[in-house]
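Structure at a glance
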Amino acid sequence: MREDFTVAEATAADWDEIIGWCAAEGWNPGLGDAACFRPTDPAGFLVGRLGGRVVSAVSVVTYSPDFAFLGFYLVHPDHRGTGLGIATWKAAMPHAEGRLVGLDAVPEQRATYERSGFTAAHDQIRHTGRPHRGTPSAAVRAVTPYHLDAISAYDSGCFPAERHAFLSRWLTATGHTARVLLDENGHVTGYGVVRAAHEGHRVGPLFADTPEGAAALLDALTGALPEDAEVCVDVPDHNTAALDLVTSRGLAPTARFTRMYTGPAPYSRHEATYATTTLELG
């Protein structure tokens, strides 16, 4: 390994550059993702520099003493096949020591992650298109600061760790539209977010207690967009109701990713997950 290669915590400017790389790879990140992602665990966002220039990246975000999520594993095209990627990986992984680590793998990298000790749990199927719009539901409301604590508590049943601070940014970021589903007693029974992306918009997460609730939320989210807006949704393949929902709205599969973990998949309400939050942070 070259002596002028170093790996260190990314700056905000570094991560803006990495988001641009993601767009070039066709990952279609959200326009405001860097501002939401990096504060989650700044020490978990790393870049490799060669002669002072950023040439690689990876994030290993620690959500709790038990769980972390890996993403943004990238090497600039000019430096692939030189060993810089694995050197960046080895520098980053100790940050998650002692924790179960998850990631979403593109098909061509699945075998690489398996060699590093990751095991496939299920696939995520990206569905894309211009959705049919359903009938608005009065049970779906715009998210306000008043809802944050209740949404965070609901989210903790659908995600393997508490992420209140992340949600405080994700629900309110510029370019994000968030909706919450309430029952007759005002209790949260689902919520969802749609955000502007480099191409169209991305829905995530979409969590709901019932298929009917998920449909109401999806219709409310897409109904807030321009009529011709393109939408993509990353749907876990073990939730057949979720697959039926996006298909019924006219979206078609366009990509596949594999959710993998370093150990047994953590508990979460799989039946309530209609769209993954992000492929980068879980």
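Overview of the structure. (Residues numbered from 1 in each chain as written. Predicted model: local features only at pLDDT ≥ 70, side-chain atom pairs only at ≥ 80, totals over all residues. Heavy atoms only, no water.)

**Re the pattern of salt bridges**
Going by this rule: By salt bridge we mean one thing: a side-chain nitrogen of Lys or Arg within 4 Å of a carboxyl oxygen of Asp or Glu. Only DSSP runs of H or I covering at least 4 residues are called helices, and only runs of E covering at least 2 are called strands; the numbering of each starts at the N terminus. When accessible area is computed with a 1.4 Å probe and restricted to protein chains, residues below 20% of their type maximum are described as buried, those above 50% as exposed, and intermediate ones as partly exposed.
Tallying each qualifying case throughout the model produces 15 salt bridges. One salt bridge connects D14 with R49, and the closest N-O pair in it is separated by 2.4 Å. Within this pair, whereas D14 is found in helix α1 (residues 12-24), its partner R49 is found in strand β2 (residues 45-50), the two being separated by 35 residues in sequence. According to the relative accessible area criterion, D14 is buried, its value standing at 8%. Linking R259 and D104 is a salt bridge whose minimum nitrogen-to-oxygen distance equals 2.8 Å. A residue pair is termed long-range when its members are at least 10 positions apart, and R259 in strand β12 (residues 252-261) and D104 in strand β5 (residues 100-105) qualify at 155 residues.

**Re the layout of surface pockets**
To keep things clear, this is the line we draw: Put simply, the grid is 1 Å and covers the protein atoms alone, a cavity is a trapped set of points that fit a 1.4 Å probe, a pocket is an open set with protein on both sides within 12 Å along at least five of seven lines, and lining residues have an atom within 4 Å of a point. Grid points are joined across faces, edges and corners, and a volume is the space filled by probe spheres set on the points. All residues other than Ala, Val, Leu, Ile, Met, Phe, Trp, Tyr, Cys, Pro, Asp, Glu, Lys and Arg, Gly among them, are scored as polar; the first ten of these are nonpolar and the last four charged.
Its volume calculated, the largest pocket comes out at about 730 Å³. The set of elements that each furnish at least two residues to the lining of the largest pocket consists of β4 (67-75), α3 (84-92), β5, α4 (110-115) and β12. Per-element accounting of the lining of the largest pocket gives the leading share, six residues, to β4. Each residue belonging to the lining of the largest pocket can be placed in one class, and the counts come to 16 nonpolar, 10 polar and six charged. One number sums up the size of the second largest pocket: a volume of about 170 Å³. Lining the second largest pocket are A23, G26, N28, R126, T128, H198, E199, E230, C232 and T254. Its residues placed into classes, the lining of the second largest pocket shows two nonpolar, five polar and three charged.

In short, the description is geometric, and any link to function would need to be established separately.
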